[in-house]
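# Fold and contact review
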Amino acid sequence: MQKRHSLSYYQRWLTRRIPPNKKQTLHRKNIFILPSKAGLGFLATLLILWLLGTNYQNNLILVMTFLLLSLMHTCMFYTYAALSGLSVEVLSVEPCFMGEQAQLRCRISSRSGRQHQQVNIGWDGAVVSTVTIDKNEVKIVTLPLLVTHRGWYRADRLRILSTYPLGLLKAWSKIDLDIDILVYPKPISGDLPEPRLRDVSSQDENDPAVIKKSISQKEDISHLREYRVGDSPKHIAWKAYAKGQGLSTKEYDTQQTVKREQWFLWDDFSGLPNEVRLSRLCDCVLQAEQSDMRYGLQLPAVSSTKTKSDVLGSGTEHQQALLRELALFDQPDVTHPSATQSLNKGIS
Amino acid sequence: MPANNMFLPRALLFSLLIVYGGVCALHFSQLPMWMWLVSVIVVLWRVQLLRQKMLSPSRLVKALCVISLTALLYFQYEQWFAVEPMVVFLVVALTLKLLEIRHRRDVLVIVYLYYFVIACGFLFQQSVLYSIASVVVLIFATMVLLHLHSDHLTVKKGLRLSAVLLLQSTFLAAVMLLVLPRINPLWSVPLHSDQATTGVSDSMSPGDISGLIRNNALAFRVTTDKAALAKDSMYWRGLVFDDFDGRRWQRSQAVDETVKLSAFKAEPVPAIQSSDQHVIDYEILLEPTGQKWLYGIPSAVVTRGIDTPIYSSQTEVFQKEDINQRIKYQVRSDKSKLRDVAGLSNRDYRRLTYLPPNSNQKTQRVAREWWQQAGSNEAYIEKVLSYYRNNFTYTLSPPKLGRDTVDEFLFETKQGFCEHYSSSFTVLMRAVGIPARVVVGYQGGEWDNSNQYLKVYQRDAHAWTEVWLDNKGWVRIDPTAAVAAIRIEQGLSAALPQQERQFVGRSNVANYRWLLAMQQQWQAVDYRWQSWVLDYDTDKQQSLLSQYLGELTMSKIIGVVVIPLLIAALFISFGLFRHGVTRLSLEQKLYRRLQKKLQKIGVEHQSGESIQNYCHRAIVRYPQRSKKILAVSQDLEELFYKPDMPNEKKHTLTAKIKRNINSV
C-alpha cells in the first residue's frame, strides 16, 4: 500500500474522477477545458487592443475588444460540444512483441446529433489520429502504442482533445480504457540451439534431454513431380534443374517422416543476460512453429510464474501459451491497474 | 497538440489573401502610395509561391525588405510615436509575414495582426458604414481561423459559422460595453501625424471651417447654470488672427512663441469681481485638440484645472503643453468687455490695419468710397452690414474662389459662410483704417437636458470679427449674423436653406423627396450612432446604470455579471445542443430498465452481451425468479426483432414487460 502513495495526487484524483472502463462516454464530468497557447496569444492581443481603446477613449475599439473576448466565451461552448457525447470503446487488444507498437482497435461513436470536427486522439505528447465524426457515425480507429516493458503493459490514459472551432480553447479528456497489453520479449534471431543428446536410452517423451534420432535424419523424398505455380522454392529439385531436366518439385512422404521434436532450455543460452535469453527463446519458439516441429519450453521456476505448459506441442495455441510464459517470466501475472502501475515503477 | 508543421491548404492561403485585401481597403486613406505597390508585389509573389513558380525569399532578401521598408516609413513620417506610422508599420509587418507562412503558428500571428489592424482603423474613421465594413472583414478573418481547425469547410459554410459565432457573441459584448467599468487613459497618447489637430486650426483659409462643419464630433462640454447662458453671448473664443496675406489668415506670431514669451513675462491675471452681473462661472471639459489654446467666453480667466495658464496680449488663453487628452478646467468670464482696452500702440495700429497692397484692389477702393458716403466709423460699419444683409446668402457649399478671394466674394459670388463673412468684413474695415482682426472659435452649442450641460460640437466652429473703436475699445461684430441671424440664434442647420439642412452642407442635394427622406433617416441613424456608441462614456455609463439599477449593491453587481453570462450561455447552447442526445427506442428503454433492476440485485450487464445471455446469468443466480426473468427476456427479444409489429400488440407487450420487470 505504500506504493500507492507514489502515484501523484493528480493521478489519484484522475482515477477517482474518471475510473477505468472499457467504454467511456465524454460528458461534463470528464471533459476539461482551458485556453490553448493560441488562446493565450489571443488574450494578449486583446489586452493590447483594450489598452489602445482605453487610451484613445475609442468606443469602437473597445466594442471590438469585447466582441472578440466574448467570441472566446462563445467558443468555449463549441469546443465543449466538439467532445461532449463522444463514446470511445476498446474493441480488441492484440499481444505484441517488445519494440513493436501495440495496435489498439477502438470504436468511436457519437449519439450527440452533432458533427465532431477534428478530434485528436492519442497519448500525452503524441497525437496518433485525427478523426471527424459525423452525426451518429461510428468510426473504428487503430491506435498504435509503443510498449516499453515486457509482461502486462498497462496503457496510459488515452487523451482525446479538440480545439474546434477557432483553436482558442482546448477541451480534453483523459480516459482510462482499462487496457492491458501482453508484451512478449523482443525476438532476437539466430540459429536454433544444437539439440543436446544427453541420455539416448531414455524413452520418456517428456524428458527434455531426449531427442529422437529421426530429427537428424533427412526426410525422404518419395518422388518428383512436375513443378506447379505456387510450389515453395525450397521444394524445387534444383539439382535436377541444373542437369537440364526442367523444373520439378520434390514430394515428401509425410506419412513416413517423423516430426522433429525439441525442447528449448533456459540453459541453452547460458552466459547471456536474462532478457536476451528470453529474446532468443522467443525467437526459437517462433522459428519452431514456422518449421512445423513439435517443441516445448523449459524455464527455471520463479515464484511468480505459476502456470507452466510443460508439454511438447505445436500450433498457434501452443505457441501463444509459450510466448505468454516468456512474457510473464519473472513478471506478475496481474492486470489490476494500481498493482501493475506500482510494480512497473519498481522494475524500471 | 496538433502538429505545428502542417500542410496549409490552398483555400486557407487564398482566404488569408482575401482578408489581407479587405484590411488594406479599410486603411485606404492611411496607407501611402508606395505601400500599395508593395502590397501588390507581395500578393503576386505569394500567389506565385502557391503555384510553385517562385521560391520563397531568402533571409537576405527578407532582411533587405524589412530595412528598406522601415527606412521608407521613416522618410514618410519622420517620427515613430504617432498612430499613423505605427499602423502603417503593422501593415508592413503583416505584408512581409505573408511571404513566410510555413506553420499554423504563422497563420495565427497573421490573423491576430488582422484583428489588431482592423481595430486600429477605428482610430481614423468611425462612421456607421465604416464600422459595417470592418465587421465584414472581421467575419472573413475569423473564417480563416475556422479553416485552420476544421476539415473540408467550404467558404460559404465557413462564413456562415463565423458570422453565427460573432453574432452569438454580440450580446455579451454589448453587456460588457455597458457595464464594465471604464478607465481613464492610462498614459497620454500621441495623436495622428498629419491630422495632428482636430477642431479649429491655427490658420484660416477658405474651406477650412466648412470642413469642420461636417464634423459631428464633440469639441467640449460646458457645465454651468443654464440661465447664465444667453445665445447671443455664447462665443467661445479660441484664437485671434491678425495677419492676412490676401487669402489666408493667421497669427502674426506663432503660438509656440507666444507661449514662451508669456511664460517669461508672466502677465498679471486681472481680477474679476464675482458680484458683477456680467460675470459667469463655468467648467469646460475639452476634448483633445493637439493644440495649446483654450476656449472660453471673453474675457476669460482660468480659475482651476490648468497649472499655469498663459494669457496673450490678444486675450487668448493657452496652456504650455499640447492638449492630447481630455482636460477639465474652470473659467470665470467677464462678458462686458475684452480686456486689453488700454489702447493701441502705433505699431499695433499699423499691424491691425495692414493689407497686402496688391490683392483685393476693388474691395479697398469700394471701401474708401463707402466710408466717405457714411462719414463715421459706426455709420460705415452699419452700411457694410446692411450690404451683407441685402445681397448675400448663407450656404455651406459656396463657389470656389480664385486669387482675390475677397473681391470675388463681395462683388461676384455673394455666397458663403462665416469664414467668408468675417474675412471680407475685416478686410473692409482695415481698408479704411479701422483696426480689425478675425477671431475663430465656436458659437452656440446644444443644451443636454438629461446631463445638464451644454455640448459644443465641431460643427459649431465659427469665425467672427473684432474691431477697435476709439471710444469703446475692442468690439465684437459678427457679420454672419447680419446675413443669417438665425444661424447665431438657432444653430447651424436652421440657418441653411431647406435642402441643405439635413446634411449640413454635404453637397447640392437632389430634390427627390424619397432621397431626402432616406437621407434624413440616415442622418437619424448617424446621430444615434454618434450619441449612443461613439459618445458613450463614463458619464453616460453611470447615468444609465443608476437609472436602471439605482444604487449599486453587491447583489446587484453579481446579478449584472451572472445574468448576462447565463443568458449568453443559454443563447449559444440552444444552437449547439438542441438536438439533444439521440432518443432511445422503446425497446432500448425497457432493456435499460431491466438492466437497472438486475444491477440492484447484483447482476451487472457486460458490454456486448446479448439479452438471452444476460438473462440466463440472472436466472442462474436467482433460480427462484426464473419464470419472470425468462418471460421478460422472450418478450423483449420479440420487441427487438419484430419491428413491424402492430401498435396494439406492442402496447400490451410493453405493459406486460413493465409489470414483469417491476415484480422481478
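All values reported here derive from a predicted model rather than from experimental measurement.

So, how was this worked out
- Residues numbered from 1 in each chain as written.
- Chains lettered and ligands numbered in written order.
- Predicted model: local features only at pLDDT ≥ 70, side-chain atom pairs only at ≥ 80, totals over all residues.
- Helix = DSSP H or I, 4+ residues; strand = E, 2+ residues; numbered from the N terminus.
- Buried ≥ 20, exposed ≤ 12 C-beta atoms within 10 Å, placed from the backbone.
- Contact = placed C-beta atoms within 7 Å.
- Nonpolar A, V, L, I, M, F, W, Y, C, P; charged D, E, K, R; others polar.
- Axes fitted to C-alpha atoms, helices over the stretch in contact; angles between N-to-C directions.
- Parallel < 35°, antiparallel > 145°, perpendicular 65-115°, else oblique.
- Left-handed = near helix turned anticlockwise from the far one by under 90°.
- Core = buried A, V, L, I, M, F, W, Y, C linked by C-beta atoms within 7 Å.
- Arc of directions from axis to C-beta.
- Pairing = 2+ DSSP bridges.
- pLDDT = per-residue confidence, 0-100.
- Expected span 1.5 Å × (residues − 1).

Moving on to the overall build of chain A. Secondary structure summary: chain A contains seven helices and 16 strands in total. Sorting the 348 residues of chain A into buried and exposed places 32% on the buried side. Pairs at least 24 residues apart make up 68% of the contacts formed inside chain A by residues separated by at least 6 positions.

It is generally the case that most residues other than glycine have a negative phi and that most peptide bonds are trans. With an omega of 0 degrees, the peptide bond between tyrosine 164 of chain A and proline 165 of chain A qualifies as cis. Take proline 165 of chain A: it is sitting in the loop between strand 10 (158–162) and strand 11 (169–175). Phi at glutamine 118 of chain A takes a positive value of approximately 45 degrees, unusual for a residue other than glycine. For glutamine 118 of chain A, the position within the fold is in strand 6 (residues 116–123). Despite not being glycine, asparagine 360 of chain B shows a phi value in the positive range, around 50 degrees.

Right, let's talk about the interface of chain A and chain B for a bit. Listed as interface residues are 46 residues of chain A and, on the opposing side, 46 residues of chain B. Listing elements by their share of the side of chain A that touches chain B, those giving two or more residues are helix 2 (37–55), helix 3 (59–83), strand 6 and strand 7 (126–133) of chain A. No other element matches the 16 residues that helix 3 of chain A contributes to the side of chain A that touches chain B. The residue inventory of the side of chain A that touches chain B, partitioned by class, reads 22 nonpolar, 20 polar and four charged.

Moving on, we come to the packing of helix 5 (residues 104–120) of chain B against helix 6 (residues 128–149) of chain B. All names here are of chain B. Running from amino to carboxyl end, helix 5 crosses helix 6 at an angle of 165 degrees, the nearest separation of the two axes being 10 Å. Taken together, the axes of helix 5 and helix 6 lie roughly antiparallel to each other. By crossing handedness, the relation of helix 5 to helix 6 is classed as left-handed. Note on element contacts: helix 6 touches helix 5 through Ser134, Val137, Leu138, Ala141, Val144, Leu145 and Leu148, opposite Arg104, Val107, Val111, Tyr114, Tyr115 and Ile118. Across the contact of helix 5 with helix 6, the residue classes tally to 11 nonpolar, one polar and one charged.

What follows is about the nonpolar core. Judged by nonpolar contacts, the single largest core of 118 residues is most densely connected at Val111, Tyr114, Val117, Ile118, Ala119, Ala141 and Val144 of chain B. A per-element tally of this core places helix 3 of chain A first, with 17 residues. Ala219, Leu286, Trp293 and Val439 of chain B belong to the second-largest nonpolar core, a separate cluster that totals 72 residues.

Let's shift gears to the packing of helix 1 (residues 10–26) of chain B against helix 5 of chain B. Residues and elements named next belong to chain B. In contact at an axis separation of 10 Å, helix 1 and helix 5 are set at 25 degrees when each is read in the N-to-C sense. On the basis of the axis angle, helix 1 is roughly parallel to helix 5. By crossing handedness, the relation of helix 1 to helix 5 is classed as left-handed. Counting all contacts with helix 1, which are made through Leu16, Val19, Val23 and Leu26, the residues of helix 5 involved are Val107, Ile110, Tyr114, Val117 and Ile118. Partitioning the contact of helix 1 with helix 5 into residue classes produces nine nonpolar, no polar and no charged.

All names here are of chain B. All of the buried residues in helix 23 (residues 611–621) are Tyr614, Cys615 and Ala618. Projected down its long axis, helix 23 shows its buried positions confined to an angular sector of 95 degrees, all on one face. Tucked inside the fold, the buried residues of helix 23 contact helix 22 (586–600) and helix 24 (626–641).

It is worth spelling out the sheet that holds strand 9 (residues 151–154) of chain A at this point. Residues and elements named next belong to chain A. Judged by pairing direction, the sheet is mixed, and its three strands sit side by side in the order 4-12-9 without closing on themselves. Two strands close off the open sheet at either side, each with one partner strand: strand 4 (96–97) and strand 9. Two elements, strand 4 and strand 12 (residues 180–184), share two bridges in a ladder whose sense is parallel. Bridge pairing links cysteine 96 to valine 183 in strand 12.

Turning our eyes to something else, we now look at the confidence of the model for chain A. Residue and element names in this part refer to chain A. Predicted confidence across chain A gives a mean pLDDT of 78, with 80% of residues reaching 70 or more. Looking at the elements of chain A, mean pLDDT is at its lowest for helix 7 (residues 337–347), recorded as 41, and at its highest for strand 2 (residues 32–35), recorded as 94. Confidence drops under a pLDDT of 50 for residues 198–218, and excluding neighbours within four residues, the segment shows 20 contacts in the predicted structure.

Residues and elements named next belong to chain A. Where strand 6 meets strand 7, six bridges bridge the pair, whose relative direction is antiparallel. Counted as the bridge partner of isoleucine 121 is serine 129 from strand 7. Connecting strand 6 to the antiparallel partner strand 7 that follows it, the hairpin turn spans two residues, and glycine 125 within it adopts a positive phi of roughly 85 degrees.

As a further point, take the sheet that holds strand 9 (residues 310–311) of chain B. Residue and element names in this part refer to chain B. An order of 7-10-9 is seen for the three strands of this open sheet, with the pairing classed as antiparallel. Looking at which strands have only one partner, the edges of the open sheet turn out to be strand 7 (293–294) and strand 9. Pairing of strand 7 with strand 10 (residues 317–318) involves two bridges; the strand directions are antiparallel. Residue pairing in the sheet places leucine 294 in a bridge with valine 317 of strand 10.

Three- or four-residue spacings in an α-helix give side chains the same orientation, since the helix completes a turn every 3.6 residues. All names here are of chain A. End to end, helix 6 (residues 316–327) covers 16 Å across 12 residues, agreeing with the expected 16 Å (1.5 Å per residue, within 8%). The set of residues buried in helix 6 consists of His318, Leu322, Leu323, Glu325, Leu326 and Ala327. The inward-facing, buried residues of helix 6 abut strand 9, strand 12, helix 5 (274–290) and strand 16 (294–298).

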